[in-house]
Amino acid sequence: MNEDLRNVVLGVLATGVSASLGWLARTYLWRRKLRRKQAFFGLTGGSDCLLVVNRKAGSERAVHNVDVSALLELSALIKDCGARPEIVQHDMARQGLGDRAEFCVGGPYSNRRMAAHLGSLLPGLKVNVESEPVADRGMFTIGEETYRADPGNTEYALLARLTGGEGGLPVFLFCGQYAVTNQAATRYLARHHEKLARKYGSGPFVLLLKVVNSEAYGPDVVELVADVTRQAREAREASAPEAAAT
């Protein structure tokens, strides 16, 4: 073998080795990224999870078309993890927490399971479900702070990752003041789940989000107002009139 041929052969071998090492490195990084994503969402390849949907206002079974879009975004995340979603109406999801990862969409006025989660897991948070006065519809009270919606201009949503039950798998809450804010919360998770996983790991968090000018921008312009995990998870102290009544 002359020197030129030997150099060609060595070059081909070096190229093959480099390509193989590059492929192995990319595969390793992809698998590590996937494992982190699966751990954050509480999903593994072939596992099942629960997608709990609310109902459209004034309807017993229909789901708001905006909430359907939110479910599709969540389904894409679940599929990426190799898991299978089971879609269940809010009043048919009669099971505990922790055995399966859960994604619960909708406010407590249209989603009974969301109401149960808020009451048991977030005692420091109150969502006004009364229709009057109009200005207070859907108002969030977190600790001592209140957040009222200005429909179409400024609206709020809660995005939470919590755990409960013996299984230890998470439940994700997407609780908005309106349907568009539910979708804004799911879209925020889809866009920022890697950042949230790096910050919180597998721990709990409750984030207050502000949806800006949804009349013009829909669910796309979302601002993080605050991390309200501590305030939402701590039981509120009874006010003086309430204490006197008891």
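(A) View of the sheet that holds strand E3 (residues 101–105). Strand order in this open sheet of 7 strands is E2-E1-E3-E8-E7-E9-E10, and the pairing throughout is mixed. Edge positions in the open sheet fall to strand E2 (84–89) and strand E10 (222–227), since each of these has one partner strand only. Across the sheet, the mean angle separating the axes of adjacent strands is 20° when strand polarity is ignored. By the bridge criterion, 7 bridges tie strand E7 (residues 154–163) to strand E8 (residues 170–176) in an arrangement that is antiparallel. The residue of E8 that forms the bridge with Leu162 is Val171.

(B) Expanded view of the environment of Val52. With respect to the element layout, Val52 can be found in strand E1 (residues 48–53). Classification of Val52 by relative accessible area gives buried; the value is 0%. Sequence separation of Val52 and Val88 is 36 residues, and the distance between their C-alpha atoms is 5.0 Å.

(C) Fine view of unusual backbone geometry. You will see that Asn213, though not glycine, has its phi angle at about 50°, which is positive. Summarising the element assignment, Asn213 is placed in the loop between strand E9 (205–212) and helix H5 (214–217). Residue classification places Asn213 among the partly exposed positions, given a relative accessible area of 25%.

(D) Fine view of the sheet that holds strand E5 (residues 140–142). Taken together, the 3 strands give an open sheet; going across it, the order is E4-E5-E6, and neighbouring strands pair in antiparallel fashion. With one partner strand each, in any of the chains shown, strand E4 (125–127) and strand E6 (145–147) form the two edges of the open sheet. The average undirected angle you get between the axes of adjacent strands in this sheet is 15°. Here E4 runs beside E5; their pairing, made up of 3 bridges, is antiparallel. The partner of Leu125 across the bridge, within E5, is Ile142.

(E) Just the pairing of E8, in detail. Counting buried residues in E8 gives 7 out of 7 residues, a clear majority hidden from the surface. The alternating pattern of E8 places Pro170, Phe172, Phe174 and Gly176 on one face and Val171, Leu173 and Cys175 on the opposite face, and all of these are buried. In this sheet, E8 lies alongside E3 in parallel orientation, the contact comprising 4 bridges. Each residue of the ladder has a partner; that of Cys104, found in E8, is Leu173. Counted along the chain from E7 to the antiparallel partner E8, the turn is 6 residues long, and its residue Gly165 has a positive phi close to 80°.

Procedures and definitions
- Numbers given for residues are sequential positions, taken from 1 along each chain in its written order.
- Owing to the predicted nature of the model, reporting of local features is limited to residues with pLDDT of at least 70; listing and counting of side-chain atom pairs is limited to 80 or more, with chain, interface and lining totals taken over all residues.
- Calculated side-chain values reflect all of the structure's heavy atoms, with hydrogen atoms and water omitted.
- Strand pairing requires that DSSP identify at least two bridges connecting the strands.
- For the purposes of this entry, the term helix denotes a DSSP run of H or I that reaches at least four residues, the term strand denotes a run of E that reaches at least two, and both are numbered from the N terminus.
- The angle between two axes is taken between their N-to-C directions and runs from 0 to 180 degrees, where each axis is a line fitted to C-alpha atoms and a helix contributes only its stretch in contact.
- Any residue under 20% of the maximum accessible area for its type is buried, any over 50% is exposed, and the rest in between are partly exposed; the area is computed with a 1.4 Å probe on protein chains only.

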